[in-house]
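In case you want the letters, here they are:
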Amino acid sequence: MIFRQLFDPTSSTYSYLIASRRGGEALIIDPVLERVDRYIQLLRELDLKLVKAVDTHLHADHITGLGALRERTHCITVMGEQSGVDVVSMRVADGDRIDIEGLSLGVIYTPGHTDDSYSFSLPDRVFTGDTLLIRGTGRTDFQNGDPRAQYESLFGRLLKLPDETLVYPAHDYKGDTVSTIGEERAFNPRLQVKSVDEYVDIMNSLNLPDPKMMDVAVPANMRIGLAQETVAHKGWALSAAEARDIVGRPDTVLIDLRERSEREKQGVIPDSVHLPYPDLQKNLKPNGLLHQLAEAKAKRLVFYCAFGERSAMAVQAAQDAGLGGARHIHGGLQAWKLAEGPLTQQ
Ligand SMILES: [Fe+2]
């Protein structure tokens, strides 16, 4: 496995770049906007293709690199389903998995620092965001933080992992880089409490100042979904209602870019073809499936995904590949459901 712990000194944030092999797919956790050039350089040096960028929660102390990485690498942006961020490509919930080639992250909902805080696990390590820090825990006094929920996330979820599990947090302010679950259980002062009430008392009496960047970072991080607006201005977007009227027409083919797990969970638009977003470039090659559908079979291509982000990027890529008739459903399956479009279960 390729594993890089990257540091942003301004916000003391750790970001993690993970891949199963050189030349393969990569994923990044908690990227920082100011460091995006460095990530891109490292991806190039290690010959990696970034396919997913994941935030553990909505950050208040730095601007996320999710939007910039999506623009520059066409990766899929991922956050938890509770997140208030306007558009991410894919939302995950407790028990889901985030897959890339050769690696599968477990998704653990660990609210408390914020109500959209998640931890992500590999067999030997866990990325704990701001839920569990080295000898500390994330503050719970803003962004719908809740010390009771955090106690449950810590004692009910993270501390149930095996003692030797490596702990990689989203921040460290003292220069520590990694810990273990066993070490934190034994030595983390916040975890030496006898009851949830004692924990709540500690967290409620911290009286911390707001993060310096909070007024800038939170609004910026709420709005990372810009790809769809650009595509709509170019006239390549169909509203869900418009799309509903053309479903089933012989000259149209709907293309579902989501992953299998999303299809199983959320349902599928009838008669749509499944071509997952990571295979898009292959399918857009001159003799690829999408050219065959559009040219040989004279079909109009209409892409869709969960929220319209992946499909907006797919329309742009299809147009770039010469498929001028390609469109997508603005707002994705979420808008489709609001427009009461039909769905079938997988
Ligand atoms: Fe945070």
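What counts, and at which threshold
Residues numbered from 1 in each chain as written. Predicted model: local features only at pLDDT ≥ 70, side-chain atom pairs only at ≥ 80, totals over all residues. Heavy atoms only, no water. Donors = N, O, S within 2.8 Å, 3.2 Å for Na, K, Ca; no water. Helix = DSSP H or I, 4+ residues; strand = E, 2+ residues; numbered from the N terminus. Pairing = 2+ DSSP bridges. Contact = heavy atoms within 4.5 Å. Axes fitted to C-alpha atoms, helices over the stretch in contact; angles between N-to-C directions. Phe/Tyr/Trp six-rings, centres within 6.5 Å; stacked < 30°, edge-to-face > 60°. Buried < 20%, exposed > 50% of the residue type's maximum accessible area, 1.4 Å probe, protein only. Parallel < 35°, antiparallel > 145°, perpendicular 65-115°, else oblique. Left-handed = near helix turned anticlockwise from the far one by under 90°. Nonpolar A, V, L, I, M, F, W, Y, C, P; charged D, E, K, R; others polar. 1 Å grid on protein atoms, 1.4 Å probe; cavity = no way out; pocket = protein on both sides within 12 Å on 5 of 7 lines; lining within 4 Å. Points joined across faces, edges and corners; volume = space filled by probe spheres on them.

1. Topic: the coordination of the iron ion
Tetrahedral coordination by four donors places them ideally at 109.5 degrees to one another around the metal; octahedral coordination by six donors ideally gives 90 or 180 degrees.
Part 1 of the reasoning: Surrounding the iron ion are the protein donor atoms H57 (NE2), H113 (NE2) and D130 (OD), at 2.1 to 2.4 Å.
Part 2 of the reasoning: For the iron ion, all donor residues lie on one chain, and their spacing in sequence is H-x55-H-x16-D. You can see H57 sitting in the loop between β4 (49-54) and α2 (66-73) and its partner D130 sitting in the loop between β10 (125-129) and β11 (132-133), a full 73 residues away along the chain.

2. Some remarks on the sheet that holds strand β17 (residues 273-274)
Part 1 of the reasoning: What the 5 strands build is an open sheet, ordered β15-β19-β18-β16-β17; its pairing is parallel. Looking at the sheet topology across the chains shown, the edges are occupied by β15 (237-238) and β17.
Part 2 of the reasoning: Note: strand β18 (residues 300-304) against strand β19 (residues 327-329), 2 bridges, orientation parallel. For V302, the partnering residue across the bridge sits in β19 and is R327.
Part 3 of the reasoning: Along the sheet, helix α11 (residues 289-296) makes contact with β16 (252-256) and β18, crossing β18 at roughly 140 degrees.
Part 4 of the reasoning: Across the sheet, helix α12 (residues 309-320) is in contact with β18 and β19; its angle to β19 comes to roughly 175 degrees.

3. Quick look at the packing of aromatic side chains
Centre distance and the angle of the planes are the two values used to describe a pair of aromatic rings.
Part 1 of the reasoning: Going through the model one piece at a time under the given rule, you end up with 11 aromatic pairs.
Part 2 of the reasoning: Taking 4.8 Å as the distance between ring centres and 55 degrees as the angle between the ring planes, the aromatic pair formed by F3 and Y168 counts as tilted. One end of the pair, F3, is in strand β1 (residues 2-8); the other, Y168, is in strand β13 (residues 166-169), with 165 residues separating them in the sequence. Y168 matches F3 in its accessibility class, with the two residues each being buried.
Part 3 of the reasoning: Considering the side-chain rings of Y151 and Y199, the 5.9 Å spacing of their centres and the 55 degrees angle between planes classify their relative orientation as tilted.

4. Details of the packing of helix α1 (residues 36-45) against α2
Part 1 of the reasoning: Put simply, α1 and α2 touch, their axes get as near as 10 Å, and they point 40 degrees apart. By the angle class used here, α1 and α2 are oblique. As for how α1 packs across α2, the hand of that crossing is right-handed. Here V36, D37, Y39 and I40 of α1 come into contact with α2, specifically with A68, L69, R72 and T73.
Part 2 of the reasoning: Here the contact of α1 with α2 is composed, by residue class, of 5 nonpolar, 1 polar and 2 charged.

5. Let's talk about the layout of surface pockets
Part 1 of the reasoning: Of the voids in this model, the largest pocket is the one considered here, and its volume is about 610 Å³.
Part 2 of the reasoning: D61, R139, H171, Y173 and P211 are the residues nearest the centre of the largest pocket, which is lined by 29 residues in total.
Part 3 of the reasoning: Grouping the constituent residues of the lining of the largest pocket by class yields 10 nonpolar, 10 polar and 9 charged.

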